[in-house]
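Below, each chain spelled out in residue letters.
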Amino acid sequence: MKPRRRARNNRARAAIGLAVALAVAVALAGLPLFVFPSTDEPSEVDAIVVLGPPRDARIHAAQQLAAEGYSDTIVIAVDDYGIDAAINIDACAPDAAPNQAGLVTRCLIPEPFTTAGEALMVERLAAAEGWESVMIVTNVTHISRARMIFTDCLGGGVLAIDDGAGIEDSNWAWMYAYQSAAFVKALVAPTC
């Protein structure tokens, strides 16, 4: 083999090795963030916040937490159109029966409909309502980033709860990649 060809092959192998090592490092670093995040034990809070998209598992988890007495206020982040609009969410219907006496469910549209927009919306609500603590309900891959963003905006008093729905095996790679990129964005461009 000629020296030039051997040098090119060595560079190619080194590049492939580096790419594989980087992929493994990202995967390992993401395990405690996206697969096995730290979740909080529920405790009494001023509001339970369902992060978007407002899927049934998140809403049911929030309603169950409210029924167990952790809060009498549920805030559901909804979009202004499409499947995630309040009109398509049973819990947002004007005639939706509360699970318990005195339970208030508010379906609000964050601007933008992102985790950062949700955190800013809840920050404004907390200031207006005098809230000192919230419990956010989301999926397992989103917990670490959502807690970081909400804590930045609210300055503490944030509990993060897994909705218990899990992630389909076919969606893990996509969620891992998406949450990794979103986490980097949140670190580089903080919300609050």
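The following paragraphs examine the structure supplied in this document. (Residues numbered from 1 in each chain as written. Predicted model: local features only at pLDDT ≥ 70, side-chain atom pairs only at ≥ 80, totals over all residues. Heavy atoms only, no water.)

## Describing the overall build of the protein chain
Tallying secondary structure elements over the protein chain gives five helices and five strands in all. Secondary structure of the protein chain in N-to-C order comes out as α-β-α-β-β-α-β-α-β-α. Counting every position in the protein chain, which comprises 192 residues, the buried fraction comes to 39%. Nonlocal contacts in the protein chain, meaning residues at least 24 apart in sequence, comprise 77% of its contacts between residues at least 6 apart. Counting every atom, the protein chain has about 10,800 Å² of accessible surface; 58% of that belongs to carbon and sulfur. (Helix = DSSP H or I, 4+ residues; strand = E, 2+ residues; numbered from the N terminus. Buried < 20%, exposed > 50% of the residue type's maximum accessible area, 1.4 Å probe, protein only. Contact = heavy atoms within 4.5 Å. Areas by Shrake-Rupley, 256 points an atom, 1.4 Å probe, with all protein chains shown as cover.)

## Remarks on the layout of surface pockets
Leftover empty space is mapped by rolling, across the atoms, a probe with the size of a water molecule. Estimated volume of the largest pocket: approximately 750 Å³. As for the largest pocket, its lining consists of 30 residues, of which Gly-52, Pro-53, Arg-145, Tyr-178 and Gln-179 are closest to the centre. Every element with two or more residues in the lining of the largest pocket is listed here: helix 2 (56-67), helix 3 (115-129), helix 4 (143-154) and helix 5 (172-188). A per-element tally of the lining of the largest pocket places helix 5 first, with seven residues. (1 Å grid on protein atoms, 1.4 Å probe; cavity = no way out; pocket = protein on both sides within 12 Å on 5 of 7 lines; lining within 4 Å. Points joined across faces, edges and corners; volume = space filled by probe spheres on them.)

## Considerations on the sheet that holds strand 2 (residues 73-77)
The five strands lie next to each other as 3-2-1-4-5, forming an open sheet whose pairing is parallel. Taken across any chain shown, the strands that pair with only one partner, and hence form the sheet edges, are strand 3 (104-108) and strand 5 (158-162). Each adjacent strand pair in this sheet contributes to an overall mean axis angle of 20 degrees, direction not counted. Direction of pairing for strand 1 (residues 47-50) relative to strand 4 (residues 134-138): parallel, over a ladder of four bridges. Bridging from a neighbouring strand, Ile-48 pairs with Met-135 of strand 4. Those strands touched by helix 4 are strand 4 and strand 5, and its axis lies near 160 degrees from that of strand 5. (Pairing = 2+ DSSP bridges. Axes fitted to C-alpha atoms, helices over the stretch in contact; angles between N-to-C directions.)

## Let's talk about the nonpolar core
Most often, soluble globular proteins have nonpolar side chains that are buried together. Val-49, Trp-131, Val-134, Ile-136 and Phe-150 are the most contacted members of the largest nonpolar core, which totals 23 residues. At the level of elements, strand 1, strand 2, helix 3, strand 4, helix 4, strand 5 and helix 5 are the ones that each hand at least two residues to this core. Setting aside chain neighbours within four positions, we find Val-134 in contact with Val-45, Ala-47, Val-49, Val-122, Leu-154, Gly-157, Val-158 and Leu-159. Counting residues in each nonpolar core, the second largest holds 19 residues, with Val-45, Ile-48, Ile-76 and Val-78 among its members. (Core = buried A, V, L, I, M, F, W, Y, C linked by side-chain atoms within 4.5 Å.)

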